[in-house]
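Each chain, written out:
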Amino acid sequence: DAGITQSPRHKVTETGTPVTLRCHQTENHRYMYWYRQDPGHGLRLIHYSYGVKDTDKGEVSDGYSVSRSKTEDFLLTLESATSSQTSVYFCAISEPGTTNEKLFFGSGTQLSVL
Amino acid sequence: GQSLEQPSEVTAVEGAIVQINCTYQTSGFYGLSWYQQHDGGAPTFLSYNALDGLEETGRFSSFLSRSDSYGYLLLQELQMKDSASYFCAVRGLGGFKTIFGAGTRLFVKA
């Protein structure tokens, strides 16, 4: 299994507070992704990174920011959490080349915004 | 833009064969992937079709037809443990975004 760790695994927060989720990998993969999963919507891409300090927006990036200062860490920040951001958040990694199409996912973070 | 459509639910009997379809609209993509996700778990990669045709991996096969904008995942000799959600996904040309369909919930009955 790919070495991907997400923290925290569960978090409950209040509307309006900032929240940061962390994804840490030990695979030295170049690409990292943040997805959110909601019933009926599948996995929707929030932001992704194709290298240190290289990031881009996905399908549902409003209200989220990311940072990648090291290859192994990709942080997702909810600047001011809203109830609509209650979701399960998954981090994923991939590597260019033959395995580029294969995403490895972390175990997910269940976030509840009250 | 890109969009993928899958049936929301499929039910089949243990030991049977089931096909989960995925139709897509995209201006271009590298290939079609399939992922499996059990309740409470993370998605895991199942298969990838870069070219048209059938790819077989044990009990699972995946098919792609670019001319028909269509693909499917075929599960044979269904087992109870195959009850899960299945997602198709594509990565568009010139980028690194992998976009997923909404998923198909497969129920396997005894």
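Right above here is the structure, for reference.
The written sequence of each chain sets the order in which its residues are numbered from 1. Chain A is the first chain written and ligand 1 is the first ligand written, with later ones labelled in order. Under the rules for a predicted model, residues below a pLDDT of 70 receive no local features and side-chain atom pairs below 80 are neither given nor counted, while totals for whole chains, interfaces and linings still include all residues. Working from all heavy atoms in the structure, the side-chain values ignore hydrogens and water.

Draft legend 1. A look at the packing of aromatic side chains. Stacked, edge-to-face and tilted labels apply to pairs of Phe, Tyr and Trp rings (six-membered ring for Trp) whose centres lie within 6.5 Å, assigned for plane angles under 30 degrees, over 60, and everything in between, in that order. Summed over the entire model, instances satisfying the criterion amount to 13 aromatic pairs over all chains. Relative to Tyr35(B), the ring of Phe105(A) has its centre 5.9 Å away and its plane inclined at 85°; by these criteria the two rings are edge-to-face. Here the residue Phe105(A) occupies a position in strand S10 (residues 104-105), and Tyr35(B) occupies one in strand S4 (residues 29-37), the pair thus bridging two chains. On the accessibility criterion, Tyr35(B) (0% relative accessible area) is buried. Note on Phe63(B) and Tyr72(B): the rings are 4.9 Å apart at their centroids and 20° apart in plane angle, and the pair reads as stacked. Taking relative accessible area as the criterion, Phe63(B) reaches 23% and is therefore assigned partly exposed. Between buried and exposed lies partly exposed: a residue is buried under 20% and exposed over 50% of the maximum accessible area for its type, with that area taken using a 1.4 Å probe on protein chains only. Judged by relative accessible area, which is 16%, Tyr72(B) ranks as buried. A connected cluster of aromatic rings, assembled from ring pairs, spans Tyr33(A), Tyr35(A), Tyr48(A), Tyr50(A), Phe90(A), Phe105(A), Tyr35(B), Phe45(B) and Phe100(B). Helix and strand labels come from DSSP, where a helix needs a run of H or I of at least four residues and a strand needs a run of E of at least two; each type is numbered from the N terminus.

Draft legend 2. Local environment of the state of the cysteines. Cysteine sulfurs are considered disulfide-paired once they come within 2.5 Å of each other. For the structure on display, the rule yields two disulfides over all chains. Each sulfur in the disulfide pair Cys23(A) and Cys91(A) lies 1.9 Å from the other. Judged by the sign of its S-S torsion, about -70°, the bond between Cys23(A) and Cys91(A) is left-handed. With Cys23(A) in strand S3 (residues 19-25) and Cys91(A) in strand S9 (residues 87-94), this pair connects stretches of sequence that are 68 residues apart. For the pair formed by Cys23(A) and Cys91(A), the shared burial category is buried. Note on cysteine connectivity: Cys22(B) is disulfide-linked to Cys88(B), with sulfurs 2.1 Å apart. In this structure, the disulfide formed by Cys22(B) and Cys88(B) twists by about 75° around the S-S bond and is classed as right-handed. Of the two residues, Cys22(B) sits in strand S3 (residues 18-25) while Cys88(B) sits in strand S9 (residues 84-92), which places them 66 residues apart along the sequence. Pair check on accessibility: Cys22(B) and Cys88(B) agree, each one buried.

Draft legend 3. Inspection of the nonpolar core at higher detail. Definition of nonpolar core: a set of buried residues of the types Ala, Val, Leu, Ile, Met, Phe, Trp, Tyr and Cys, connected through side-chain atoms within 4.5 Å. One finds Leu4(B), Leu32(B), Trp34(B), Leu75(B), Tyr86(B) and Leu106(B) to be the most contacted residues of the largest nonpolar core, which totals 23 residues. Those elements that place two or more of their residues in this core are strand S2 (9-13), S3, S4, strand S7 (60-65), strand S8 (70-75), S9 and strand S11 (104-109) of chain B. Formed by 18 residues, the second largest nonpolar core is a distinct cluster that contains Val19(A), Leu21(A), Met32(A) and Ala81(A).

Draft legend 4. A look at the sheet that holds strand S1 (residues 4-7) of chain A. All names here are of chain A. We treat two strands as partners when DSSP finds at least two bridges between them. In spatial order, the strands read S1-S3-S8-S7; together these four strands make up an open sheet with antiparallel pairing. Every other strand in the sheet has two partners, leaving S1 and strand S7 (64-70) as the edge strands with one partner each. Averaged over all neighbouring strand pairs, the angle between strand axes comes to 15°, with direction disregarded. In this structure, S7 lies alongside strand S8 (residues 73-78), joined through five bridges in antiparallel fashion. Paired with Val66 across the bridge in S8 is Leu76. Between N-to-C directions, angles cover 0 to 180 degrees, with each direction set by a line fitted to C-alpha atoms, over the stretch in contact for helices.

Draft legend 5. Looking closely at unusual backbone geometry. Residue and element names in this part refer to chain A. Cis geometry marks the peptide bond from Ser7 to Pro8, where omega comes out at -5°. Considering the arrangement of structural elements, one finds Pro8 in the loop between S1 and strand S2 (10-13). Despite not being glycine, Asn28 has its phi angle at roughly 60°, a positive value. Tracing the backbone shows Asn28 in the loop between S3 and strand S4 (31-38). Taking the relative accessible area as the measure of exposure, Asn28 reaches 58% and is therefore exposed.

Purely geometric stuff here, so don't read any function into it on its own.
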